[in-house]
Amino acid sequence: EVDRILNQASFANVGRKAVYSKRRTTAESFHKPVIYSGLPKEIKDEYLLVDGYNIIFAWPELRSLAEDNMDSARNRLLEALMKYQGVRKCRVIAVFDAYRVQGHIEEIIDYGNIHVVYTREAQTADQYIEKFAHDNSKKYSITVATSDGLQQIIIRGSGSAVMSAGELKTEIERVNDSVLKAYQERQISDKNPVKDALPDETRKQMEKYLDDEK
């Protein structure tokens, strides 16, 4: 009789399990699980837009140079950006104000491997950069280098990234250091330690022998 009662209770509990489902958590109730499709992430062309005069007056060495010769300061910045582009391979656009120049039209020139823009009359570098970011943020991966606080807010609002003048300087120095380190390591690897350990006379004989074999 006891066995019969236990069996009935067991079957009854099985039925209840079918009726009562497990209580879902809040996360399970309101959030759908993330489904990964496995599709490759879209790779966008990278653009770096540099607010030229903002960077010049934010870097102490360029600001000091600009006090004597603005052209020299501008060229020094462009040379640094050229070297950076040569390693990073992103598209670099340096933008300079020409809005005070009466009758000036927008001018875009190639400076080595980068592009330089001089804005038209009544258009500031900020306005040019903000428009470019707004119009192209969905097509390209855009970073704007500026220390102008208001412009940084506007750029972030357009969906683009921001890099301060100090961060740009640090990034360029990091890239330059990595190139120098790679070059030095290459120089070391190219050396022949056995050959270098030989006496001068023996090394000269070996070099003569190798030349004769060529």
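Residues numbered from 1 in each chain as written. Predicted model: local features only at pLDDT ≥ 70, side-chain atom pairs only at ≥ 80, totals over all residues. Heavy atoms only, no water.

**Observations regarding the confidence of the model for the protein**
Thought 1: Of all residues in the protein, 69% attain a pLDDT of 70 or more, and the chain-wide mean is 81.
Thought 2: Low pLDDT (under 50) marks residues 15–21, which in the prediction has zero contacts with non-local residues, meaning those over four places away or in another chain.
Thought 3: Below a pLDDT of 50 lies the segment residues 26–31, which in the model reaches two contacts outside its immediate sequence neighbourhood of four places, other chains included. (pLDDT = per-residue confidence, 0-100. Contact = heavy atoms within 4.5 Å.)

**Focus: the packing of aromatic side chains**
Aromatic rings in a pair are described by how distant their centres are and how their planes are angled relative to each other.
Thought 1: Enumeration according to the criterion identifies four aromatic pairs in this entry.
Thought 2: Pairing Tyr 47 with Phe 132 gives two aromatic rings, centres 5.5 Å apart and planes at 50°, and the pair type is tilted. Taken together, the positions of Tyr 47 in strand β1 (residues 46–51) and Phe 132 in helix α6 (residues 125–136) put the pair 85 residues apart, joining distant regions of the chain.
Thought 3: Looking at Tyr 47, the relative accessible area reads 9%, which means it is buried.
Thought 4: Centre to centre, the rings of Tyr 47 and Tyr 140 are 4.6 Å apart; their planes meet at 40°, and the pair counts as tilted. (Phe/Tyr/Trp six-rings, centres within 6.5 Å; stacked < 30°, edge-to-face > 60°. Helix = DSSP H or I, 4+ residues; strand = E, 2+ residues; numbered from the N terminus. Buried < 20%, exposed > 50% of the residue type's maximum accessible area, 1.4 Å probe, protein only.)

**What about the pairing of strand β2 (residues 91–96)?**
Looking along a regular strand, one sees side chains alternate from face to face of the sheet.
Thought 1: Burial runs high along β2: five of the six residues are buried.
Thought 2: The pairing of β1 with β2 spans five bridges and is parallel. Counterpart to Leu 48 in the pairing with β2 is Val 92.
Thought 3: Across four bridges, the pairing between β2 and strand β4 (residues 114–118) is parallel. Residue pairing across strands places Ala 94 opposite Val 116, the latter belonging to β4. (Pairing = 2+ DSSP bridges.)

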